[in-house]
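Structural overview
One letter stands for each residue in the lines below.
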Amino acid sequence: MYQLKKWFEIPIGSIVSEAGSSMMNNTGSWRMLRPVLNTEKCTNCLICWIFCPDDSIPVNREQRFETDFQYCKGCGICAVECPYDALEMVPEMEIKLKELE
Ligand code: SF4
Ligand code: SF4
């Protein structure tokens, strides 16, 4: 008969060993939606960069570059906050299927 383990019998799970350790992992791998940038609408106002909770929007010399999909979680905050409607949240699966065509 199956018996539940006691708390001290359960193996220790994930431990954050040091600050910033998520930089070493592909933390965007479970993203369901992807922010797709319309470069024609983007004015480089950088509002999205200010709001992104994952620091996934690279900026250099006040210019926004393509989202860093290694870390982007697809939360959609950037698309909601963009005042120029330059970001569209697209299902990740839709993009993956198009890539296979
Ligand atoms: S908020 Fe919109 S317009 Fe501004 S930089 Fe981001 S994507 Fe471009
Ligand atoms: S979807 Fe979320 S995590 Fe990804 S770039 Fe936008 S605000 Fe950042």
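As shown above, the structure is provided for reference.
These notes cover the structure that comes with them.

As a further point, take the overall build of the chain. Helix and strand counts for the chain stand at 3 helices and 4 strands. For the chain, the N- to C-terminal ordering of α and β elements is β-α-β-β-α-β-α. A compact globule built from 101 residues should have a C-alpha radius of gyration of about 13 Å, whereas the chain, at 19 Å, is more than 25% larger. Principal axes of the C-alpha set define a box for the chain whose edges measure 60 × 35 × 20 Å. When contacts within the chain are restricted to residue pairs at least 6 apart in sequence, those whose partners lie at least 24 apart make up 65%. Here the chain displays about 8,100 Å² of accessible surface, and carbon together with sulfur accounts for 57% of that area. Positive and negative charge centroids in the chain, built from 10 and 15 side chains respectively, lie 6 Å apart.

Lining the immediate surroundings of ligand 2 are Pro35, Cys52, Pro53, Asp54, Ile57, Thr67, Cys72, Lys73, Gly74, Cys75, Gly76 and Cys78. Put simply, ligand 2 lies in the largest cavity. Its residues placed into classes, the shell around ligand 2 shows 7 nonpolar, 3 polar and 2 charged.

This brings us to the site of ligand 1. As a matter of local geometry, ligand 1 sits amid 14 residues, with Cys42, Cys45, Leu46, Cys48 and Cys82 nearest to it. Using a 2 Å cut-off from the grid points, one finds that ligand 1 occupies the second largest cavity.

This paragraph deals with the side chain of Arg31. Here Arg31 lies in the segment before β1 (33-37). A relative accessible area of 8% places Arg31 in the buried class. Within polar-contact distance, the side chain of Arg31 engages the backbone oxygen of Cys72 at 2.8 Å. Leave out the neighbours within four places in its chain, and Arg31 touches Phe69, Cys72, Lys73, Gly74 and Glu92.

Thresholds applied
Residues numbered from 1 in each chain as written. Chains lettered and ligands numbered in written order. Predicted model: local features only at pLDDT ≥ 70, side-chain atom pairs only at ≥ 80, totals over all residues. Heavy atoms only, no water. Helix = DSSP H or I, 4+ residues; strand = E, 2+ residues; numbered from the N terminus. Rg over C-alpha atoms; globule rule 2.2 N^0.38 Å. Contact = heavy atoms within 4.5 Å. Areas by Shrake-Rupley, 256 points an atom, 1.4 Å probe, with all protein chains shown as cover. Lys, Arg positive; Asp, Glu negative; His and termini not counted. Charge placed at Lys NZ, Arg CZ, Asp CG, Glu CD. Near = heavy atom within 4 Å. 1 Å grid on protein atoms, 1.4 Å probe; cavity = no way out; pocket = protein on both sides within 12 Å on 5 of 7 lines; lining within 4 Å. Sits in = over half its atoms within 2 Å of the grid points. Nonpolar A, V, L, I, M, F, W, Y, C, P; charged D, E, K, R; others polar. Buried < 20%, exposed > 50% of the residue type's maximum accessible area, 1.4 Å probe, protein only. Polar contact = N/O pair within 3.5 Å; in protein donor to acceptor, adjacent residues only side chain to side chain.

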